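Here are the chains, one letter per residue:
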Amino acid sequence: MWNGNVNNMDPLQNEQLQNLQRQLEQNREVVILIHHNPDGDALGSALALSMYLEQYGHSCEILSPNAFPDFLQWMPGIGKVHRADLEPEYCAEKVVKAGLIFCLDFNQSKRVQDLQIPLEKSKAFKALIDHHIAPEDQFDFVYSVTDETSSTCELVYQFIAHYRNDGDKITREMAECLYAGIMTDTGSFSYSCDNPSTHETAGKLIAMQINGERIHRNIYDTYSENRVRLLGFSLSERLHLLPEYATSYIYLTKEDLKRFNYRQGDTEGIVNYGLSMKPVRFTAFFSERDGRIRISFRSKGDFDVNEFARAHFNGGGHKNAAGGESFDTMEETIRRFLEALPKYPDKLCPLCAGAYAF
Ligand code: 5GP
Ligand code: MN
């Protein structure tokens, strides 16, 4: 159990931890909920937390709104995750009837899509562990750190090892899951990791004899031919540069995705190429899904894409990486995007201060 030794600067206070402990004592069954299109961080944190709680005799139901990418299928315990797109009633009932729900790696209920209404209806005690900006008001326990942390997996590590003083309960399988989440959310330790604690956490996980190189290969060197060709097509046919706004964007229509036999996760990472050119400070990636356009935003420096996503595309995230959505056509969505750019003249222009700082 955690040693109660928490100072006032901590994002988590004793009282909150005691409150959560009481809930854990009252609820043997725990529901763990992750966001739509779950990534390595969402799945890694959910799997590790479930393996931890199971050591205290809890049974955990991990619920995902939809499918997860093939390159995460190797994760220990992934077979026990239930998908709301395949078992809608089962998952909705678990959420509505739960006594205790952990919400991991998201902070707005709309991010669980079809489980949004069950989550809002549920009377469960809701515990949030997350690293996105501005959590909604509905959570009873909030462990939310947005700066100086890489990922929800890093926070789950801190929660277990620091706040509950249970570092010795972190098994190798848990360490693999947590390392995978930190690695994927930092783009293999290239962003959101300019703080010692992220590297210290990764170091502690590596010290548990996990094979970081193999985890990296499992995730980044297992693409299908179609996925690599879709990337090539995105860059040669669908990348647009707007030098006057130091901006670029890439879009993929439903037909494009079909042509390359799209599978969940195949577009992951494409957005980063839009930002990889020196003059570009802001990029967007639009991909057409059933009935909506999913958008990823990335930026360098002080252009805040969390604010941009919230203001124009009903989204959010972090300062330099955010997401949003649109229910307009692709053409209309891109038109709205282009119309928004001139609203940021002091941030998005080739000669703006700091434009070439990177
Ligand atoms: P991605 O572009 O990789 O889907 O998302 C970038 C970051 O923004 C991730 O941390 C993701 O969890 C977050 N994000 C994506 N969409 C949304 C959204 O609609 N709301 C919020 N708050 N965060 C989002
Ligand atoms: Mn994350």
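Small disclaimer: the values here were computed from a predicted structure and weren't measured.

Analysis parameters
- Residues numbered from 1 in each chain as written.
- Chains lettered and ligands numbered in written order.
- Predicted model: local features only at pLDDT ≥ 70, side-chain atom pairs only at ≥ 80, totals over all residues.
- Heavy atoms only, no water.
- Donors = N, O, S within 2.8 Å, 3.2 Å for Na, K, Ca; no water.
- Helix = DSSP H or I, 4+ residues; strand = E, 2+ residues; numbered from the N terminus.
- Buried < 20%, exposed > 50% of the residue type's maximum accessible area, 1.4 Å probe, protein only.
- Core = buried A, V, L, I, M, F, W, Y, C linked by side-chain atoms within 4.5 Å.
- Contact = heavy atoms within 4.5 Å.
- Phe/Tyr/Trp six-rings, centres within 6.5 Å; stacked < 30°, edge-to-face > 60°.
- Lys NZ or Arg CZ within 6 Å of the ring centre and 35° of its normal.
- Pairing = 2+ DSSP bridges.
- Axes fitted to C-alpha atoms, helices over the stretch in contact; angles between N-to-C directions.
- Domains from an automatic or database assignment.
- Buried area = accessible area lost by both parts, 1.4 Å probe.

**Concerning the coordination of the manganese ion (ligand 2)**
When a metal carries six donors in an octahedron, the ideal angles between them are 90 or 180 degrees, while four donors in a tetrahedron ideally lie at 109.5 degrees. Within the protein, the atoms that donate to the manganese ion (ligand 2) are Asp41 (OD), Asp105 (OD), His131 (NE2) and Asp185 (OD), at distances of 2.2 to 2.3 Å. For the manganese ion (ligand 2), all donor residues lie on one chain, and their spacing in sequence is D-x63-D-x25-H-x53-D. Highlighted residues: histidine 131 in the loop between β5 (125-130) and β6 (141-144) and aspartate 185 in helix α6 (residues 172-185), separated in sequence by 54 residues. On the basis of relative accessible area, aspartate 185 is assigned to the buried category, the value being 15%.

**Comments concerning the nonpolar core**
Counting residues in each nonpolar core, the largest one holds 55 residues, and the members touching the most others are Leu20, Ile32, Leu49, Phe102, Phe141, Tyr143 and Phe159. Looking at this core element by element, the count peaks at 9 residues for helix α2 (residues 40-54). Apart from the residues lying within four places of it in its own chain, the contact partners of phenylalanine 141 are Leu12, Gln16, Leu17, Leu20, Phe125, Lys126, Ala127, Leu128 and Phe159. Ranked by size, the runner-up nonpolar core spans 22 residues in total, among them Tyr251, Met330, Ala340 and Leu341.

**Overview of the packing of aromatic side chains**
By convention here, two paired aromatic rings are described through the distance between centres and the angle between planes. Inspection of the entire model under this criterion finds 19 aromatic pairs. Judged by centre distance (5.8 Å) and plane angle (70 degrees), the ring pair of tyrosine 249 and phenylalanine 337 falls under edge-to-face. Taken together, the residues tyrosine 249 in strand β8 (residues 247-252) and phenylalanine 337 in helix α13 (residues 330-340) connect sequence positions 88 residues apart. Comparing tyrosine 249 with phenylalanine 337 shows no difference in burial state: the two are buried. Between phenylalanine 303 and tyrosine 344, the aromatic rings sit 5.2 Å apart at their centres with planes inclined by 85 degrees, giving edge-to-face as the arrangement. Residue phenylalanine 303 is located in the loop between β10 (292-299) and α12 (305-313), and its partner tyrosine 344 is located in the segment after α13; the two are separated by 41 residues in the primary sequence. In textbook terms, an aromatic cluster arises when at least three aromatic residues are bridged by ring pairs, as seen for Tyr249, Phe282, Phe286, Phe297, Phe303, Phe308, Phe313, Phe337 and Tyr344. Directly above the ring of tyrosine 223 sits arginine 227, whose terminal nitrogen or CZ lies 3.7 Å from the centroid.

**Remarks on the sheet that holds strand β2 (residues 59-64)**
In spatial order, the strands read β3-β2-β1-β4-β5-β6; together these 6 strands make up an open sheet with parallel pairing. Of all strands in the sheet, those with a lone pairing partner are β3 (82-83) and β6, marking the two edges. Where strand β4 (residues 100-104) and β5 come together, 5 bridges link them in parallel fashion. When the bridges of β5 are listed, cysteine 103 appears paired with leucine 128. Across the sheet, helix α5 (residues 152-163) touches β4, β5 and β6, and the angle it forms with β5 is around 110 degrees.

**Digging into the domain arrangement of the chain**
Each assigned domain of the chain is listed here: domain 1 (6-219) and domain 2 (227-348). Of note, the centres of domain 1 and domain 2, computed from C-alpha atoms alone, are 27 Å apart. Every contact between the two is made by 17 residues of domain 1 and, on the other side, 17 residues of domain 2. Its largest share of buried area at the contact with domain 2, domain 1 owes to Phe71, Lys110 and Ile133, together 33% of the area lost on that side.

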